[in-house]
Each structure stands twice: as structure tokens, then as C-alpha cells.
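Observations on the three-dimensional arrangement
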Amino acid sequence: HPPPPLQSRLPGPTKQPAPLPKPVQSLLKELGLDLPEGIPVRFGDRCFLAPPELPTLRGLKVLRPGLELVELRRELAVPAHALALWAGEAAACCDLSAEDPACAAYLNGQTLPFEGKGWTLVRVDGLSLGWGKASNAILKNHYPKGLRTL
């Protein structure tokens, strides 16, 4: 069964937005991210943070109503690539240099050696590239497949 919708449209001026689902709140806490003010919106299995001044979207077809935060897979929240690009910093980071062979390996979709646990922001020369998930001294690559190099 798909999870119940958080909200299918942005609230009107008299409605309060529903809070982010608990798996999303837990993930954001794990990542150490403080979100700016905004309206949580759920479209299907994805959660977004819409700007507070955005008008109602009723009757409109919208690709992304704001910053994509996560994809929900059952009770598991997976951080979105857009969130990595926005974040810049996270509780756990893997910092690489552009000349480092590990940078090319990450961009190719390969795993990296990394001591840590949980979701990790991969950065190159201080710029966010994407997410990896660290476990057993390996950083599993979550860089989007469509962006990977050959």
C-alpha cells in the first residue's frame, strides 16, 4: 500500500500544513540539517519543502514544488540528490579533491573506502556532489545513475 499522502496540494491560508513524516524527520536529524522555513509537501513517494510564499497549486501540474528532500521507500527515507546540492554541510562528510582518483571512482558509481556509518555527504573541493551510505568501512554510492560518468 502506498503511504497516505501528506498533502496533495499546498494549504490555503487557513490550513496548517501537515508535518514531515517521522522517517523524514529522523533522517534530517541524522544528517544534521536544519531546513529553512517552508511548507512540507508530499507528491507520491517524494517529500519537498515549498517556499512559504508559494500560492496554492490546485489544478496545476507541477514537476517539483520546491526543494526535494527525500524519497520514501516504505518506512525508509532516502535523501534526495537535490538536498545534497543544497546542504553543503552534513553531520558526516567525505571530503575529496578533484585530483583524487576516489573522486573519479565516485562519479563512476563505485564504492569508496570510508570509516563511518550512515548517510554521508560527498564533497569535492568543498562542493557537494551527492550522498553515500557508509557501512563496514565502505561508502556505498548513491550518486544518481543518470549523472554518472563512464
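Being a predicted model, the structure only gives us computed values, none of them experimental.

Conventions we followed
- Residues numbered from 1 in each chain as written.
- Predicted model: local features only at pLDDT ≥ 70, side-chain atom pairs only at ≥ 80, totals over all residues.
- Heavy atoms only, no water.
- Buried < 20%, exposed > 50% of the residue type's maximum accessible area, 1.4 Å probe, protein only.
- Helix = DSSP H or I, 4+ residues; strand = E, 2+ residues; numbered from the N terminus.
- Arc of directions from axis to C-beta.
- Contact = heavy atoms within 4.5 Å.
- Phe/Tyr/Trp six-rings, centres within 6.5 Å; stacked < 30°, edge-to-face > 60°.
- Pairing = 2+ DSSP bridges.
- Axes fitted to C-alpha atoms, helices over the stretch in contact; angles between N-to-C directions.

Each α-helix winds once per 3.6 residues, and so residues spaced three or four apart point in a common direction. Where helix H1 (residues 22–31) is concerned, the buried positions are Pro23, Val24, Leu27, Leu28 and Leu31. Taken around the axis of H1, the buried residues stretch over an arc of 135 degrees, which confines them to a single face. In H1, those exposed residues whose orientation departs by more than 90 degrees from the buried face are Lys22 and Lys29. Here the buried face of H1 lies against strand S2 (46–50), strand S3 (67–73), strand S4 (76–79), helix H2 (81–87), strand S7 (118–124) and strand S8 (127–135). At the exit of H1 stands Gly32, carrying a positive phi of roughly 75 degrees.

Moving on: the packing of aromatic side chains. In this description, an aromatic ring pair is defined by two values, namely the gap between the centres and the angle between the planes. Under the defined criterion, the tally for this structure stands at two aromatic pairs. Considering the side-chain rings of Tyr106 and Tyr143, the 5.3 Å spacing of their centres and the 55 degrees angle between planes classify their relative orientation as tilted. Of the two residues, Tyr106 sits in helix H3 (residues 101–107) while Tyr143 sits in the segment after strand S9 (138–141), which places them 37 residues apart along the sequence.

Take the pairing of S8 next. Two elements, S7 and S8, share seven bridges in a ladder whose sense is antiparallel. Bridged to Leu121 within S8 is Trp131. Bridge analysis of S8 against S9 gives four bridges, and the strand direction is antiparallel. Within the sheet, the bridge partner assigned to Gly132 lies in S9 and is Asn141. The turn linking S8 back onto S9 is made up of two residues, and Asn136 within it adopts a positive phi angle of 50 degrees.

With that settled, consider the sheet that holds S3. Reading across the sheet, the four strands line up as S1-S2-S3-S4 and stay open at both edges, with antiparallel pairing between neighbours. With one partner strand each, in any of the chains shown, strand S1 (39–43) and S4 form the two edges of the open sheet. Going from strand to strand, the sheet's axes swing by 30 degrees on average, the running direction of each strand aside. Summarising the sheet, S1 and S2 pair through five bridges and their orientation is antiparallel. Within S2, the residue paired with Val41 across the bridge is Phe48. The strands touched by H1 within the sheet are S2, S3 and S4, with S4 carrying the most contacts at an inclination of about 45 degrees.

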